[in-house]
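# Structural overview
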Amino acid sequence: MMTHAAYDCDVLVIGGGIVGLSTAYAITRTAPGTRVTVLEKEWGPARHQTGRNSGVIHSGIYYAPGSLKARYAVRGAAELVDFCAEHGIDHAVTGKLIVATDRAELPRLHSLVQRGRAHGLPVRELGPAQITEYEPRVRGLAAIRVGTTGVCDFTAVAVRFAAEVTASGGQIRYGAEVVAVDRRPWGVAVRTADGQVVRARVLVNCAGLHSDRVALLAGDEPGARIVPFRGEYYELARPELVRGLVYPVPDPAFPFLGVHLTRGVDGSVHVGPNAVPALAREGYGRTVVHPGELAATLAWPGSWRIARRHWRYGAGEMHRSLSKSAFTRAVRRLLPEVTEADLRPSPAGVRAQAVLRDGTLVDDFLIRDAPHTVHVLNAPSPAATASLPIGREVARRALLRARATGWTPPAVESGHCV
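Scope of this entry: the structure provided in the associated data block. (Residues numbered from 1 in each chain as written. Predicted model: local features only at pLDDT ≥ 70, side-chain atom pairs only at ≥ 80, totals over all residues. Heavy atoms only, no water.)

### A short note on helix H5 (residues 154-167)
When the terminal C-alpha atoms of H5 are compared, their 20 Å separation across 14 residues agrees well with the 20 Å that a helix rising 1.5 Å per residue should span. Taken together, the buried positions of H5 are Phe 154, Val 157, Ala 158, Phe 161, Ala 162, Glu 164 and Val 165. Buried residues of H5, viewed axially, fall in a sector of 165 degrees; they line one side. Against the buried residues of H5 lie helix H1 (18-30), strand E3 (56-57), helix H2 (68-87), strand E8 (150-152), strand E9 (171-174) and helix H11 (387-403). Capping the start of H5, Asp 153 holds a side-chain oxygen 3.2 Å from the backbone nitrogen of Thr 155, two or three residues further along. (Helix = DSSP H or I, 4+ residues; strand = E, 2+ residues; numbered from the N terminus. Expected span 1.5 Å × (residues − 1). Buried < 20%, exposed > 50% of the residue type's maximum accessible area, 1.4 Å probe, protein only. Arc of directions from axis to C-beta. Contact = heavy atoms within 4.5 Å. Polar contact = N/O pair within 3.5 Å; in protein donor to acceptor, adjacent residues only side chain to side chain.)

See the structure below:
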């Protein structure tokens, strides 16, 4: 058995996005004195999913009662607002409208009302005249208003988590890409691209777009693969057309919420995203292709089964990706005054969507344990909203794994309660 001094840290977190940093933050608060190291391959935090989304604090209304997404989003939204207020991070609780523009959507809208009330959310049903009270230029047959939805600067939240971790004695290393993981009876040894080795009792995998690959490096079969979907955004040239947040009624067969309008904390309005297959894990542009990653996606049976099962949906998304006029028509269902000239290209994001072998899109957060490891294998939206409770749960599992090595948290040794 290795001595305490032989370990470089007690818990090693891979991934400097909001989930990885929240996990490290939770560990430092739950078990003060625990030696935590975060490895992030980029030269700063929040460079991928965290920093490339619409910045929405989700209410939890979309997610099935009892699911991790529902429980953590409802709880996490309230906690995140408090965290932002405490640390002076830009945020606003604006509420949002979910608007039905076709009669076929009305039953689904009603189901959302029931689900929202089951979650204890403040949900108000609106007719056409009431819609215009909130959004004068938006048109629809009916809508619901969810009062707890908001917006914030998720990158600033991640930066604050990082600051709290380092202030508590944790270490965050940027530019540290993990290329090998060696699991031993005493824990794990991780090698980075620059040849450095880090030894830890427990490895926590919060690698997002690369989470399945890190699990495989550790010798754990994740049971799913990340299939990347690019979400393309536009910015509204006339932000005065929208006061707050406006969403369509989502299709329950997909984890995507459809093209929506989001007024951010800076006053700009973003429109999107759509959801099209990306040709690289970090394929933020149509021309970005990584042949090895694309080959791995195509080799996964679930990718082909998605394509066969949902080709009509995918064809529509691709059409809107390639045709600005088609994208504009989708927006005009909600906001009839929008023209093509009103839409200016904005940076895209990529969703790390886990897909099972049978082609099922993993709909809930997916966290799995193995000896000396905890893997966060599916944490797309609303993971940023839910980052505080997700971080606590992953931290809880990691500390249990660390105790299995014979380790005792420093706070327990000094007589403090953990």
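### Some remarks on the pairing of strand E7 (residues 142-146)
Taken across its five residues, E7 has four buried, putting it largely inside the fold. Where strand E5 (residues 96-100) lies against E7, five bridges are found, and the strand directions are antiparallel. In the sheet register, Val 99 faces E7, and the bridge partner there is Ala 143. Across four bridges, the pairing between strand E6 (residues 123-126) and E7 is antiparallel. When the bridges of E7 are listed, Arg 124 appears paired with Arg 145. (Pairing = 2+ DSSP bridges.)

### Some details on the pattern of salt bridges
Inspection of the entire model under this criterion finds 22 salt bridges. Within this structure, Asp 369, Glu 393, Arg 396 and Arg 397 form a network of salt bridges that share partners. (Salt bridge = Lys/Arg side-chain N within 4 Å of Asp/Glu carboxyl O.)

### Topic: unusual backbone geometry
Cis geometry marks the peptide bond from Gly 272 to Pro 273; its omega dihedral reads 0 degrees. One can find Pro 273 in the loop between strand E16 (269-272) and strand E17 (276-277). Residue Ala 46 is not a glycine yet carries a positive backbone phi of 60 degrees. In this structure Ala 46 comes out as buried when scored by relative accessible area, which is 7%.

### Some thoughts on a positive patch on the surface
A surface patch of like charges, here positive, comprises Arg 305, Arg 308, Arg 309 and Arg 357. Inspection of the secondary structure puts Arg 305 in helix H8 (residues 301-309). (Patch = residues over 30% accessible without salt bridge, like charges linked within 9 Å, V, L, I, M, F, W, Y side chains within 5 Å. Areas by Shrake-Rupley, 256 points an atom, 1.4 Å probe, with all protein chains shown as cover. Lys, Arg positive; Asp, Glu negative; His and termini not counted. Charge placed at Lys NZ, Arg CZ, Asp CG, Glu CD.)

### Some words on the packing of aromatic side chains
A full pass over the atoms with the stated rule returns seven aromatic pairs. Measuring from centroid to centroid gives 5.9 Å for Tyr 25 and Phe 83, while their planes differ by 80 degrees, and the two rings are edge-to-face. Taken as a pair, Tyr 25 in helix H1 and Phe 83 in helix H2 lie far apart in primary sequence, 58 residues in all. For the pair shown, Tyr 25 and Phe 83 are each scored as buried. The interplanar angle of 55 degrees and the centroid separation of 5.0 Å between the aromatic rings of Phe 83 and Phe 161 together place this pair among those described as tilted. Residue Phe 83 is located in helix H2, and its partner Phe 161 is located in helix H5; the two are separated by 78 residues in the primary sequence. Like Phe 83, the residue Phe 161 is buried in the burial classification. Among the aromatic residues, ring-to-ring pairing joins Tyr 25, Phe 83 and Phe 161 into one connected group. Geometry around Tyr 284 places Arg 52 over its ring, the cationic atom sitting 3.7 Å from the centre. Directly above the aromatic system of Tyr 247 lies the positively charged group of Lys 96, at a separation of 3.9 Å from the ring centroid. (Phe/Tyr/Trp six-rings, centres within 6.5 Å; stacked < 30°, edge-to-face > 60°. Lys NZ or Arg CZ within 6 Å of the ring centre and 35° of its normal.)

### What about the nonpolar core?
Within the largest apolar cluster, 48 residues are counted, with the highest numbers of intra-cluster contacts made by Ile 18, Val 157, Phe 161, Val 204 and Ile 390. Residues within four places of Val 157 in sequence aside, it is in contact with Ile 18, Leu 80, Phe 83, Cys 84, Ile 89 and Cys 152. (Core = buried A, V, L, I, M, F, W, Y, C linked by side-chain atoms within 4.5 Å.)

### Quick word on the layout of surface pockets
Considering only enclosed or pocket space, the second largest pocket measures out at about 450 Å³ in volume. Lining the second largest pocket are 24 residues, and of these Phe 229, Pro 277, Ser 303, Ile 306 and Ala 307 lie nearest its centre. Elements with a contribution of two residues or more to the lining of the second largest pocket: strand E13 (224-236), helix H7 (291-299), H8 and helix H9 (311-322). Considering each element in turn, the lining of the second largest pocket owes the most residues, six residues, to H9. For the lining of the second largest pocket, the class distribution of residues is 19 nonpolar, four polar and one charged. (1 Å grid on protein atoms, 1.4 Å probe; cavity = no way out; pocket = protein on both sides within 12 Å on 5 of 7 lines; lining within 4 Å. Points joined across faces, edges and corners; volume = space filled by probe spheres on them. Nonpolar A, V, L, I, M, F, W, Y, C, P; charged D, E, K, R; others polar.)

### Thoughts on the packing of H9 against helix H10 (residues 324-332)
Where H9 meets H10, the closest approach of the two axes is 5 Å, and the angle between their N-to-C directions is 110 degrees. One element, H9, and the other, H10, form an angle in the roughly perpendicular class. Contacts between H9 and H10 involve His 319, Arg 320 and Leu 322 on the former and, on the latter, Lys 324, Ala 326, Phe 327, Arg 329 and Ala 330. Looking at the contact of H9 with H10 residue by residue, the class counts come to four nonpolar, one polar and three charged. (Axes fitted to C-alpha atoms, helices over the stretch in contact; angles between N-to-C directions. Parallel < 35°, antiparallel > 145°, perpendicular 65-115°, else oblique.)

### Remarks on the sheet that holds E3
Here three strands make up an open sheet; going across it, the order is E3-E8-E4 and the pairing antiparallel. Edge strands, defined here as strands with exactly one partner in the open sheet, are E3 and strand E4 (91-93). Examined bridge by bridge, E3 and E8 share two bridges and lie antiparallel to one another. The residue bridging Val 56 from the neighbouring strand is Val 151, located in E8.

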